[in-house]
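# Descriptive analysis of the structure
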Amino acid sequence: MSETVGDYLLDRLATWGVKRIFGYPGDGINGVMGAFARSSNGRRPDFIQVRHEEMAAFMACAHAKFTGEVGVCMATSGPGAIHLLNGLYDAKLDHQPVVAIVGQQARAGLGGNYQQEVDLGTLFKDVAHEFVQIAMEPAQIRHLVDRALRIALAERTVTAIIIPNDVQEADAVPQTPHAHGTVHSGPGYRAPRVLPSEGELDRAAEVLNAGRRVAMLVGQGALHASDEVAAVADALGAGVAKALLGKAALPDELPYVTGSIGLLGTKPSWELMQGCDTLLMVGSSFPYSEFLPEEGSARGVQIDIDGRMLGIRYPMEVNLVGDSAETLRALLPRLEHKQDRAWREQIEGEVAQWWRLIEKRAQLSADPINPQLVFHELSKRLPDGAIISSDSGSAANWFARDIKLRTGMMASLSGTLATMGPGVPYAIGAKFAHPDRPVFALVGDGAMQMNGINELITIAKYRHRWRDQRLVVLVLNNRDLNQVTWEQRAMSGDPKFEGSQDLPDFPYAGYAELLGLKGIRADRPEHVGAGWDEALAADRPVVYEAVTDPEVPPLPPHITIEQAKALSSALLAGDPNAGRIVRQSFKQKAQEFLPGR
Ligand SMILES: Cc1ncc(C[n+]2csc(CCOP(=O)(O)OP(=O)(O)O)c2C)c(N)n1
Ligand SMILES: [Mg+2]
């Protein structure tokens, strides 16, 4: 049998180094599934079967985030393609290179209001606007693959290829005869060296040298520039705050690292931004202006590889288009080592105090378990090389504040779309990419019920492929959509609406056991540490269900007057849990004012 388009597609993807494709079948993409089945040469990518196409897109995004390579996902026409969308938007908004390959009805039927016929070019036109194409001829496949991967990598974005099912089954045309109108593409992409001009570096150095209290804010663009960020922070006597996607950019053990910033952030990051006279932002588009210096109060320098991201969060004096590591290295010899270290010492003092506060908050009693204790006990035990994914929800607060990352660890979450649901699929994507490393997913019960429970089936299906079996899914069983419950109270001033917020209970640990995984359930504080020890010693992936108290407030680092007012009006309006909330909030806040903090 001669090679089909499906065969050629997979071979071309292998030429690009693609090792696995996360996806789900359907008759719209069967021409490619047939090619996977014929994959005898050991060269073609693996097909990883998920429970839902959105999960395939999350896994492709996680692959990109945890390897720097392009992630690939695949779905059938119509419903499968539609299911991919939320995961693709997650990748697009977090600037990850992901390629979606989807099927379509046969060419002859298109426009015929055919079964499952959806206008996929239009559907993907926003999420994959840099490149979305329909293959109408076998000869297109070579350049569609080459361009979809190259554009995804070069633009750090999502691209899509739509292939009608009769094209998938047609004979491949790897090479067209040279003629007017034919296209002859080649594979491969290497990132360029991107550096600002000398003059702009000098201007940036002038601003940074003039500053007396420099604050740095680093994001995911600095993940590969840890040494450079540390060296520049040392020279400038700066404190460093981290946007959530950049949490692994610098280890939390460094005394001048103030940790996360924003609503989920820390008090030292707040103080750093309020007290600085100069802001150096590296590889971040952290959005919340109220957590940045007030306009006019600080001079600003920003570094970003993408010129479109410059100068949108703070009116910067110098905007540098450049790779963060290269640019910081080029800046370093231009920086004067600041002699006056008072600002740096002040920050270090606040950071030390903050860690003591976090420790105390974790130890406060709750009913039955304080979620901070669960994260605190994990943080102490994190094995070297751990990879962590967090879902959106209250887990993201505790991940941001309580988890101390060390050198060599990786961590991510849906930073920009902030969608629920990526926690478990990100962990699966991480485990396939790094089967020797321990992986942790930190997930709420709402997100588990949305999709995490189903994706446990994928873990059970594939776990035998992973040399190191340490994959732990932490579920915060608080029977509440807690993050939003607190947003209703503190932002909108409404009491908790039980109709939208209460969740049914579910036996997460028991269900894990049914699947052949290990289930651990902690419902008393004294079980929490031992539960982690057991999870880390297990011979198989674990679901660690912690029964946590929804009335422990994920307090913003600096609660504003408006938020305090909104919260009290919510309570006055008859919040069903008013009494316990006041007690828990008071306990948390009181820790800041106790002696010996
Ligand atoms: C797809 C999607 N739907 C809704 C939301 C809004 N949202 C953000 S966090 C959250 C609650 C999450 O609840 P859960 O997973 O139980 O975590 P908890 O906050 O209770 O720890 C909701 C509804 C969202 N971010 N994404
Ligand atoms: Mg919950």
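Look above for the structure.
Computed from a prediction, not measured in an experiment: that's the story for all the values here.

Once that is clear, we can look at the site of ligand 1. Taken together, 16 residues are adjacent to ligand 1, and Ser394, Asp445, Gly446, Asp480 and Asn482 come closest. Between a nitrogen atom of ligand 1 and a main-chain N or O atom of Ala418, the distance comes to 2.9 Å. With respect to ligand 1, the backbone of Gly446 contributes an N or O atom lying 2.7 Å from an oxygen atom. Contact with the protein chains covers 78% of the free accessible surface of ligand 1, which is 590 Å².

All chains considered together, the criterion is met by 4 cavities of 30 Å³ or more. Here the second largest cavity is characterised by a volume of approximately 50 Å³. A class-by-class count of the residues in the lining of the second largest cavity yields 4 nonpolar, 5 polar and 1 charged.

A few words now on the sheet that holds strand β18 (residues 542-547). In spatial order, the strands read β14-β13-β15-β16-β18-β17; together these 6 strands make up an open sheet with parallel pairing. Looking along the sheet, the strands with just one partner apiece sit at the ends: β14 (410-412) and β17 (518-522). Across the sheet, the axes of successive neighbouring strands diverge by a mean angle of 15°, strand direction being ignored. Sheet topology note: the strand β13 (residues 387-390)/β14 ladder contains 3 bridges and is parallel. For Ile388, the partnering residue across the bridge sits in β14 and is Ala411. Along the sheet, helix α3 (residues 53-67) contacts β13 and β14; its crossing angle with β14, the most-contacted strand, is approximately 140°. Along the sheet, helix α14 (residues 394-402) makes contact with β13, β14, β15 (439-444) and β16 (471-477), crossing β13 at roughly 145°.

Across the junction of Asp367 and Pro368, the peptide omega takes the value -5°, indicating a cis bond. Tracing the sequence through the fold places Pro368 in the loop between α12 (342-363) and α13 (371-381). Backbone geometry places Gln116, a non-glycine residue, at a positive phi of 60°. Summarising the element assignment, Gln116 is placed in the loop between β4 (98-104) and α5 (120-123).

The textbook angles at a metal center are 109.5 degrees for a tetrahedron of four donors and 90 or 180 degrees for an octahedron of six. The protein atoms that coordinate the magnesium ion (ligand 2) are Asp445 (OD), Asn478 (OD1) and Asp480 (O), at distances of 2.0 to 2.1 Å. Between consecutive donors of the magnesium ion (ligand 2), the numbers of intervening residues give the motif D-x32-N-x1-D. The exposure class assigned to Asn478 is buried, which follows from its relative accessible area of 6%. Assessed through its relative accessible area of 3%, Asp480 is described here as buried.

Our focus in this paragraph is the pairing of strand β1 (residues 20-23). Neither face of β1 is exposed, since Arg20 and Phe22 on one face and Ile21 and Gly23 on the opposite face are all buried. Taken together, the 4 bridges between β1 and strand β2 (residues 46-49) define a ladder with parallel strand orientation. Bridge assignment links Ile21 to a residue of β2, and that residue is Phe47. As paired strands, β1 and strand β3 (residues 71-75) are joined by 2 bridges and run parallel to one another. Of the residues in β3, the one forming a bridge with Gly23 is Met74.

So, on to the nonpolar core. One finds Cys73, Leu84, Leu88, Phe124, Met448, Ile459 and Val473 to be the most contacted residues of the largest nonpolar core, which totals 57 residues. Ranked by residues supplied to this core, first place goes to α3 with 9 residues. The contacts of Met448, once residues within four sequence positions are left out, are Val424, Val443, Ile453, Leu456, Val473, Val475 and Tyr508. Counting residues in each nonpolar core, the second largest holds 38 residues, with Leu244, Ala400, Leu413 and Ala546 among its members.

Looking now at the side chain of Arg44. Its place among the elements puts Arg44 in the loop between α2 (30-37) and β2. You can call Arg44 buried: its relative accessible area is 13%. Polar side-chain contacts of Arg44 include one of 3.0 Å to the side chain of Asp7. Within the structure, the side chain of Arg44 is placed 2.9 Å from the backbone oxygen of Ala35, a separation counted as a polar contact. Dropping the residues within four chain positions of it, Arg44 is found in contact with Glu3, Asp7, Leu10, Asp11, Ala14, Ala35, Arg38 and Ser39.

As a further point, take the pattern of salt bridges. Counted according to the given criterion, the structure contains 37 salt bridges. Here Lys65 makes a salt bridge to Asp94, at a shortest N to O gap of 2.7 Å. Within this pair, whereas Lys65 is found in helix α3, its partner Asp94 is found in the loop between α4 (79-93) and β4, the two being separated by 29 residues in sequence. Residue class for Lys65 comes out buried when judged on its relative accessible area of 13%. For Lys496, the salt bridge is made with Asp502, and the minimal N-O distance between the two is 2.8 Å. One salt-bridge network, in which partners are shared between bridges, spans Asp7, Asp11, Arg38, Arg43 and Arg44.

Pairing in this open sheet of 6 strands is parallel, and the strands run β9-β8-β7-β10-β11-β12 from one edge to the other. Here the strands that pair on one side only, and so sit at the sheet edges, are β9 (257-260) and β12 (318-321). Direction aside, the axes of adjacent strands within the sheet are offset by 15° on average. Sheet strands in contact with helix α8 (residues 198-210) are β7 (214-218), β10 (278-282), β11 (299-304) and β12, and its direction is about 135° off that of β12. Against the sheet, helix α9 (residues 226-236) makes contact with β7, β8 (239-242) and β10, and its axis sits at roughly 165° relative to β7, the strand it touches most.

To continue, consider the environment of Gly188. Within the fold, Gly188 resides in the loop between α7 (165-169) and α8. C-alpha of Gly188 to C-alpha of Phe506: the two residues are 318 residues apart in sequence and 48 Å apart in space.

Across the 9 residues of helix α17 (residues 482-490), 7 count as buried, placing the element largely inside the fold. Regarding α17, the residues found buried are Asn482, Gln483, Thr485, Trp486, Gln488, Arg489 and Ala490.

Let us look at α12. Over its 22 residues, α12 runs 32 Å from end to end, which matches the ideal 32 Å to within 8%, given 1.5 Å per residue. Where α12 is concerned, the buried positions are Trp343, Arg344, Ile347, Val351, Trp354, Trp355, Leu357, Ile358, Arg361 and Ala362. Along α12, the residues classed as buried sweep out an arc of 165° about the axis, all on the same side.

Rules of the game
- Residues numbered from 1 in each chain as written.
- Chains lettered and ligands numbered in written order.
- Predicted model: local features only at pLDDT ≥ 70, side-chain atom pairs only at ≥ 80, totals over all residues.
- Heavy atoms only, no water.
- Near = heavy atom within 4 Å.
- Polar contact = N/O pair within 3.5 Å; in protein donor to acceptor, adjacent residues only side chain to side chain.
- Areas by Shrake-Rupley, 256 points an atom, 1.4 Å probe, with all protein chains shown as cover.
- 1 Å grid on protein atoms, 1.4 Å probe; cavity = no way out; pocket = protein on both sides within 12 Å on 5 of 7 lines; lining within 4 Å.
- Points joined across faces, edges and corners; volume = space filled by probe spheres on them.
- Nonpolar A, V, L, I, M, F, W, Y, C, P; charged D, E, K, R; others polar.
- Pairing = 2+ DSSP bridges.
- Helix = DSSP H or I, 4+ residues; strand = E, 2+ residues; numbered from the N terminus.
- Axes fitted to C-alpha atoms, helices over the stretch in contact; angles between N-to-C directions.
- Contact = heavy atoms within 4.5 Å.
- Donors = N, O, S within 2.8 Å, 3.2 Å for Na, K, Ca; no water.
- Buried < 20%, exposed > 50% of the residue type's maximum accessible area, 1.4 Å probe, protein only.
- Core = buried A, V, L, I, M, F, W, Y, C linked by side-chain atoms within 4.5 Å.
- Salt bridge = Lys/Arg side-chain N within 4 Å of Asp/Glu carboxyl O.
- Expected span 1.5 Å × (residues − 1).
- Arc of directions from axis to C-beta.

These figures come from the coordinates and say nothing about function on their own.
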